[in-house]
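Each chain, letter by letter, is given below.
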Amino acid sequence: MWISSAPLRISLAGGGTDVPSYARRFGGTVLGATTDLRVTVVGRRTGAHRHIRACLDECSSTASGDIANPFAREALRRHWDGSPLELASFGDVPGGSGLGSSSAFCVALVSGLENGRLTPGAAAEAASSIEMHGLGRPVGRQDQYLSAYGGFRLLHFAPDGGVEVEEIPVDTHFVRRLDEELMLFFTGRTRDAGEVLGEQNTRVSDSDRAAENRLHDIKALTAGALDALKNNDATALGQVLGEHWNLKRRLGSRVSLPFIDRAYADALNAGASGGKLLGAGGGGYLLLHAPAAAREQVRAAMAGHGFTEQPFRFDGRGARVTAVDPGGEEDRPLSAP
């Protein structure tokens, strides 16, 4: 039996510039970090039957791997060796909520099916290919790379398809401060990131100058976010989040919704320095920076909108596979590059 898990991520700046319609023309840059919220997949080789039994979104049995979950179906098509297998998955947040849960699931599942032999880069590429090529989703690759590597990372997406992964050192005490001052609230609405990104993808593919310029500006914000991390300036980071959101919600008609705009305005009035919806937009989780003096007021303002707070901490661990057998267990990260 194996247990494979991968972390959910928070994108701090540059999100959207990893989508191929932009990155292949201009190059993309994303700054993000992983959290202690994870997706876990459990796999058990068994001789009790000659098929796959999967308890993912729902329980099903199949001899062909043709199960309902499209991400698992494509992963099994590519990485399953055909031996009898039982699968189950668990997530710390709902799917479609902007924390990269679909990508973390793919990273965890592929890593488990490959018995932890993949490097972080190989796991990220395998998971990306499942979503982008196998399923044809108009998404980028930041989620898969952040989930596979873990930690604070600056990702550079080259026009030729190459990805450079840069580890960003952040002072431990400042990380603990961010754990307290960055607050995560669930809006109560989930969505399909591919559907929300579709409009952005179409506009950029059609050389819409306004969309291109907004993405140029979003990419440039990574420099300010990096400076904030290096200078231990949480308020400046919150302001970058706010600038990012102001640009991003003009990328498509489905990125924001009136009830989210009202809640965000109330958060600012309560003392938040800035924030943004995570992921593609359209619902999911709202990330806010609230200094200590404003934290309770911000919390009360979000409760007034029915938003539920999600506790989290930053965590540098990337994808991991634990092999469990009668001789004991071994917990290990993915193979070294």
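Rules of the game
Residues numbered from 1 in each chain as written. Predicted model: local features only at pLDDT ≥ 70, side-chain atom pairs only at ≥ 80, totals over all residues. Heavy atoms only, no water. Helix = DSSP H or I, 4+ residues; strand = E, 2+ residues; numbered from the N terminus. Buried < 20%, exposed > 50% of the residue type's maximum accessible area, 1.4 Å probe, protein only. Areas by Shrake-Rupley, 256 points an atom, 1.4 Å probe, with all protein chains shown as cover. Phe/Tyr/Trp six-rings, centres within 6.5 Å; stacked < 30°, edge-to-face > 60°. Pairing = 2+ DSSP bridges. Axes fitted to C-alpha atoms, helices over the stretch in contact; angles between N-to-C directions. Parallel < 35°, antiparallel > 145°, perpendicular 65-115°, else oblique. Contact = heavy atoms within 4.5 Å. Nonpolar A, V, L, I, M, F, W, Y, C, P; charged D, E, K, R; others polar.

Draft legend 1. Structural view of the overall build of the chain. Across its full length, the chain holds 11 helices and 13 strands. Within the span of the chain, comprising 337 residues, buried residues form 57% of the whole. A total of about 13,400 Å² of accessible surface is found on the chain, and carbon and sulfur atoms cover 48% of it.

Draft legend 2. Region of the structure containing the packing of aromatic side chains. Enumeration according to the criterion identifies 6 aromatic pairs in this entry. Both rings, one in Tyr 22 and one in Phe 26, keep their centres 5.0 Å apart while their planes meet at 40 degrees; by these two values the pair is tilted. Residue Tyr 22 and its partner Phe 26 are both found in helix 1 (residues 20-26); the two are separated by 4 residues, about one turn of the helix. Take Phe 26: its relative accessible area is 30%, and that puts it in the partly exposed class. Between Tyr 145 and Tyr 149, the aromatic rings sit 6.2 Å apart at their centres with planes inclined by 10 degrees, giving stacked as the arrangement. Taken as a pair, Tyr 145 and Tyr 149 lie in helix 5 (residues 142-149) at a separation of 4 residues, close to a single helical turn. The class of Tyr 145 is buried, set by a relative accessible area of 6%. Feature note: the residues Phe 152, Phe 312 and Phe 314 constitute an aromatic cluster, connected by ring pairs.

Draft legend 3. Up close: unusual backbone geometry. For Asn 115, which is not a glycine, the phi torsion comes out positive at approximately 55 degrees. Looking at the secondary structure, you find Asn 115 in the loop between helix 3 (101-113) and helix 4 (120-134).

Draft legend 4. Up close: the pairing of strand 2 (residues 28-45). A large share of strand 2 lies buried, amounting to 14 of its 18 residues. In this structure, strand 1 (residues 2-13) lies alongside strand 2, joined through 10 bridges in antiparallel fashion. Each bridged residue has a counterpart across the sheet, and for Ser 5 the counterpart in strand 2 is Thr 40. When strand 2 meets strand 6 (residues 153-157), the two strands line up antiparallel, connected through 5 bridges. In the sheet register, Gly 32 faces strand 6, and the bridge partner there is Arg 153. In terms of strand pairing, strand 2 meets strand 5 (residues 85-91) through 7 bridges, oriented antiparallel. Counterpart to Val 41 in the pairing with strand 5 is Ser 89.

Draft legend 5. Looking closely at the packing of helix 8 (residues 209-230) against helix 9 (residues 234-248). Interaxial distance between helix 8 and helix 9 falls to 9 Å at its minimum, and their mutual angle equals 170 degrees. Taken together, helix 8 and helix 9 sit at an angle that is classed as roughly antiparallel. The segment helix 8 lies against helix 9, with Arg 214, Asp 217, Ile 218, Leu 221, Gly 224, Ala 225, Ala 228 and Leu 229 engaging Ala 236, Leu 237, Val 240, Glu 243, His 244, Leu 247 and Lys 248. A breakdown of the residues in the contact of helix 8 with helix 9 according to their chemical character gives 9 nonpolar, 2 polar and 4 charged.

Draft legend 6. Inspection of helix 5 at higher detail. Most of helix 5 sits out of view: 7 of its 8 residues are buried. When we look at burial in helix 5, the residues that qualify are Gln 142, Asp 143, Gln 144, Tyr 145, Leu 146, Ser 147 and Ala 148. Where helix 5 is buried, its residues touch strand 1, strand 2, helix 3, helix 4, strand 6 and strand 7 (163-167).

Draft legend 7. Inspection of the sheet that holds strand 9 (residues 274-277) at higher detail. Strand order in the open sheet formed by 4 strands is 9-10-8-11, with antiparallel pairing between adjacent strands. Of all the strands in the sheet, just strand 9 and strand 11 (308-309) have a single pairing partner and so form its edges. Strand direction decides the pairing type here: strand 9 and strand 10 (residues 285-289), joined by 4 bridges, are antiparallel. Looking across to strand 10, one finds that Leu 277 is bridged to Leu 286. On the sheet, helix 9 packs against strand 8 (182-186), strand 9 and strand 10 and is oriented at approximately 45 degrees with respect to strand 9. Those strands touched by helix 11 (residues 295-304) are strand 8, strand 10 and strand 11, and its axis lies near 10 degrees from that of strand 8.

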